[in-house]
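Structural overview for review
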Amino acid sequence: MRLDYLTIFPDYLAPLRLSLPGKAVESGLLELHVHDLRSWTTDKHRTVDDTPYGGGAGMVMKPEPFGAAFDALEIEPGDTIVFTTPSGERFDQRVAEDLATRSRLVFACGRYEGIDQRVIDHARTRAEAREISLGDYVLNGGEVAALAITEAVVRLLPGFMGNAASLVEESHAAGGLLEYPVFTKPPTWDDRSVPDVLRSGDHGAIARWRHEQARRRTAERRPDLLAPSALADGTPIERAVPGDAGELMTLQRACWVQEAVANPGAPIPAFAESLDDVRAWLGEWDTYVVRRAGRLVGAVRGRLEPDGTTWDIGRVMVAPDVQGQGLGRALLEHVQAAAPAAATSYTLFTGAGSDRNQRIYKKAGFRLRTDLPAPPGAVVLVKQRSHA
Ligand code: SAM
């Protein structure tokens, strides 16, 4: 990947040569070029700013130096120009992942009151132009934002991190949860001990403990992240709350009536569950629900099995009156994406006579596994997880 920076403070970007990005430059993975925007000025004072049309406080960055810089840097349609600005799209891990797919990023760092709008409009005619904000606050200049964006992007490049697995487990990774607390040696410090489970050597128990901690931390600190997905029409897929138990029981009964018809004679435990049973499993499973017009019309649950690598999916439920609209498929996709990084496969049961369900699961990549144990009257389906 090639990175160019247009700035009036080239020294501000010196940290790019430190640490991992520095090593990536040495290894040839990255090519970095920091340019002094003033070298494309033509007057004796090397002026890059002027007073704003329409009046007002502060100065605005002039268009000509940027235009000349874009020419000199031979910006092409395949390149991406990033304008750092507090009025841009908010930078996050998804934007970082997207930018990491580009072969060249050119950062235009603003100063003063920002850059003349025509520069951005012009940039759009010759390359992809993105206006990106680091967050909802105002910095003095775009250099800090360019540094932060660079660091978040380049660590995603294949070969950049010594251990790529550390990317999968992190906060804001695909599962959408914040990272669990981490510990290192010594086992006791300041009278505080490392949680026993982490020293138990039981990988399944460790994975489950970490996932539970990540869930709890996310709920406390960033509840907004717990509804990361939505249906195509914008309806959110939300995490169930204890108060959903009653509606879940109703939905469960409605759906399992159909199951009972499709699997005559098979025991249907979900049909017989009491409200307390539903409350109990709600506390143990990651459960997601969809509401339409205030009514709970869809749900699914997932949990890590004791082996720490199998994500057990169940209770994929869609209210009978809204079936056939893709809701079950969306819930199934959602619960798979929500599996913790430790999960390497998905498993689920359905009725041996539930042809419609089996068709849906097979279409979603699940395979029937007659070699694995299943409850009476049911079949087990398994899918290997592919980490993107
Ligand atoms: N007048 C501008 C406004 O209100 O949107 C703020 C200009 S700011 C003082 C100067 C430069 O700092 C901006 O052009 C931009 O490059 C950079 N900057 C400030 N805050 C930023 C943020 N949150 N994200 C990205 N860049 C920022």
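A quick note: this is a predicted structure, and the numbers were derived from the prediction, not measured. (Residues numbered from 1 in each chain as written. Predicted model: local features only at pLDDT ≥ 70, side-chain atom pairs only at ≥ 80, totals over all residues. Heavy atoms only, no water.)

Okay, the packing of aromatic side chains next. Following the criterion strictly, the structure yields 4 aromatic pairs and no others. Ring centres of Phe66 and Phe70 lie 6.4 Å apart, and the angle between their planes is 50 degrees; this geometry places the pair in the tilted category. One end of the pair is Phe66 and the other is Phe70, both in helix H2 (residues 63-72) and 4 residues apart, which spans about a single turn. In this structure, Phe66 and Phe70 share a single accessibility class: buried. Each member of the aromatic cluster is reached from another via a ring pair, and the members are Tyr346, Tyr361 and Phe366. Cation over ring: Arg301 sits above Trp281, and NZ or CZ is 4.5 Å from the ring centre. For the cation-ring pair, Arg315 lies above Trp256, with the distance from its terminal atom to the ring centre recorded as 5.8 Å. (Phe/Tyr/Trp six-rings, centres within 6.5 Å; stacked < 30°, edge-to-face > 60°. Helix = DSSP H or I, 4+ residues; strand = E, 2+ residues; numbered from the N terminus. Buried < 20%, exposed > 50% of the residue type's maximum accessible area, 1.4 Å probe, protein only. Lys NZ or Arg CZ within 6 Å of the ring centre and 35° of its normal.)

Another point: the site of the ligand. The full set close to the ligand counts 19 residues, and Thr84, Glu113, Leu134, Tyr137 and Leu139 are the nearest of them. In this structure, Gly135 approaches the ligand through a main-chain N or O atom, which is 3.1 Å from a nitrogen atom. At 3.3 Å, a backbone N or O of Gly141 approaches an oxygen atom of the ligand. A total of 580 Å² of accessible area belongs to the ligand in isolation, and the protein chains cover 83% of it. The leading source of residues in the shell around the ligand is strand S5 (residues 80-90), at 3 residues. (Near = heavy atom within 4 Å. Polar contact = N/O pair within 3.5 Å; in protein donor to acceptor, adjacent residues only side chain to side chain. Areas by Shrake-Rupley, 256 points an atom, 1.4 Å probe, with all protein chains shown as cover.)

Attention now goes to the nonpolar core. Leu248, Trp311, Ile313, Leu327 and Phe366 are the most contacted members of the largest nonpolar core, which has 43 residues in total. Broken down by element, this core gets its largest block of residues, 6 residues, from helix H8 (residues 245-262). Not counting the four nearest positions on each side in its chain, Leu327 is found in contact with Leu231, Val290, Val297, Gly298, Val318 and Val322. Residues Met1, Val82, Ile132 and Leu157 belong to the second largest nonpolar core, which totals 29 residues. (Core = buried A, V, L, I, M, F, W, Y, C linked by side-chain atoms within 4.5 Å. Contact = heavy atoms within 4.5 Å.)

Time to look at the sheet that holds strand S11 (residues 236-239). In spatial order, the strands read S10-S11-S12-S13-S14-S15-S17-S16; together these 8 strands make up an open sheet with mixed pairing. Among the strands making up the open sheet, the edge pair consists of strand S10 (229-230) and strand S16 (367-368). Note: S11 against strand S12 (residues 286-292), 3 bridges, orientation antiparallel. Paired with Glu238 across the two strands is Val289, which belongs to S12. (Pairing = 2+ DSSP bridges.)

Strand order in this open sheet of 5 strands is S2-S1-S6-S5-S7, and the pairing throughout is parallel. The open sheet is flanked by strand S2 (31-36) and strand S7 (128-133), the only strands paired with a single partner. Sheet twist, expressed as the average angle between the axes of neighbouring strands with direction ignored, equals 25 degrees. Across the face of the sheet, H2 comes into contact with strand S1 (2-7), S5 and strand S6 (104-109) while running at roughly 155 degrees to S1. Here helix H5 (residues 143-154) sits on the sheet in contact with S1, S5, S6 and S7, set at roughly 160 degrees to S6. (Axes fitted to C-alpha atoms, helices over the stretch in contact; angles between N-to-C directions.)

It is worth spelling out the domain arrangement of the protein chain at this point. Each assigned domain of the protein chain is listed with its residue range as follows: domain 1 (2-164), domain 2 (188-224) and domain 3 (227-384). The distance between the C-alpha centroids of domain 1 and domain 2 comes to 39 Å. (Domains from an automatic or database assignment.)

Right, let's get into helix H12 (residues 355-363). Within the span of H12, buried status applies to Asn357, Gln358 and Tyr361. Down the axis, H12 shows its buried residues gathered within 95 degrees of arc, on one side only. Facing away from the buried side of H12 by over 90 degrees, the exposed positions are Arg359 and Lys363. Lining the buried residues of H12 we find H8, strand S14 (310-318), helix H11 (327-337), strand S15 (345-351), S16 and strand S17 (378-384). Looking one or two residues past H12, Gly365 carries a phi angle of roughly 100 degrees, positive in sign. (Arc of directions from axis to C-beta.)

The residue after Lys185, namely Pro186, is reached through a cis peptide bond having omega 5 degrees. For Pro186, the location among the structural elements is in the loop between helix H6 (165-168) and strand S8 (188-189). Unlike most non-glycine residues, Ala293 shows phi in positive territory, near 50 degrees. Relative to the helices and strands, Ala293 resides in the loop between S12 and strand S13 (295-304). At Arg315, a residue that is not glycine, the phi angle is positive and equals roughly 50 degrees. Mapped onto the secondary structure, Arg315 falls in strand S14.

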